[in-house]
Amino acid sequence: MFERFYPDETVSSAYEIDYEKLYKKGYRGILYDIDNTLVEHGKDATEQAKKLFSKLRKMGFSCGLISNNNKERVERFNRDIDVHAVIKAGKPSVKGYRYAMRMMGTDTANTVFVGDQLFTDIWGAKRSGIHSILVRPIDKKEEIQIVLKRYLEKIVMREYRKKRGFR
């Protein structure tokens, strides 16, 4: 019932993903949500984020941001990172994911998506045919509409862990 929302992988943080392993598996594009995936909601790119994208470029990855946020927010975050970006993406719609892959020169077979929300980020990636990685939200303090979704996410993740044999 909930399988359409299940991530392909879960990790604690976007900064703890084994990117070398992904590269060895043939992935060449990585798409990210911004808020609560890479930085706290509304924050500019941190040194940690800047170092991550620099490392990924050196490894040979094409990177992009896919956000439901407005132009000002995405451009402000992307100012020092300078990767492909899709604004007002309408996640979980597949349109933004497909557009991002075209910009990066990748496809569903060699692209990974990293995000913190099941019903927008992960569901959109799955609908698009992209390998999805769910990370824990960076900050517990969130807007009310996201807080409400988190309650539903807990139900889905409980079932996900049961099916995967986790408690």
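Residues numbered from 1 in each chain as written. Predicted model: local features only at pLDDT ≥ 70, side-chain atom pairs only at ≥ 80, totals over all residues. Heavy atoms only, no water.

Draft legend 1. Region of interest: the nonpolar core. If you look at the biggest cluster of nonpolar residues, it comprises 26 residues, and the most contacted ones within it are Tyr19, Tyr32, Phe77 and Val114. Every element with two or more residues in this core is listed here: helix H1 (19-24), strand S2 (29-32), helix H2 (47-59), strand S3 (62-66), helix H3 (71-78), strand S5 (111-115) and strand S6 (131-135). Sorting elements by how many residues they give to this core places H2 first, with four residues. Leave out the neighbours within four places in its chain, and tyrosine 32 touches Ala14, Tyr19, Leu38, Leu52, Phe53, Leu56, Gly64, Leu65, Ile66, Phe113 and Val114. (Core = buried A, V, L, I, M, F, W, Y, C linked by side-chain atoms within 4.5 Å. Buried < 20%, exposed > 50% of the residue type's maximum accessible area, 1.4 Å probe, protein only. Helix = DSSP H or I, 4+ residues; strand = E, 2+ residues; numbered from the N terminus. Contact = heavy atoms within 4.5 Å.)

Draft legend 2. The environment of asparagine 69, seen in detail. Secondary-structure assignment places asparagine 69 in the loop between S3 and H3. As a C-alpha pair, asparagine 69 and glutamate 40 span 29 residues in sequence and 14 Å in three-dimensional space. Setting aside residues no more than four positions away along its own chain, asparagine 69 makes contact with Asp35, Val74, Ile87 and Lys88.

Draft legend 3. Layout of the sheet that holds S5. Ordered in space as S1-S6-S5-S2-S3-S4, the six strands form an open sheet in which the pairing is parallel. Pairing within the sheet leaves two strands with one partner each, and these edge strands are strand S1 (9-11) and strand S4 (84-86). Direction aside, neighbouring strands of the sheet carry axes that sit 25° apart on average. Across four bridges, S2 lies against S3 in parallel orientation. (Pairing = 2+ DSSP bridges. Axes fitted to C-alpha atoms, helices over the stretch in contact; angles between N-to-C directions.)

Draft legend 4. Highlighting the pattern of salt bridges. Applying the stated criterion across every chain, the model contains 11 salt bridges. The salt bridge partner of arginine 79 is aspartate 44, with a shortest N-O separation of 3.6 Å. In this pair, arginine 79 is assigned in the loop between H3 and S4 and aspartate 44 in the loop between S2 and H2, connecting sequence segments 35 residues apart. The exposure class assigned to arginine 79 is exposed, which follows from its relative accessible area of 53%. Connected via shared salt-bridge partners are Asp44, Glu72, Arg76 and Arg79. (Salt bridge = Lys/Arg side-chain N within 4 Å of Asp/Glu carboxyl O.)

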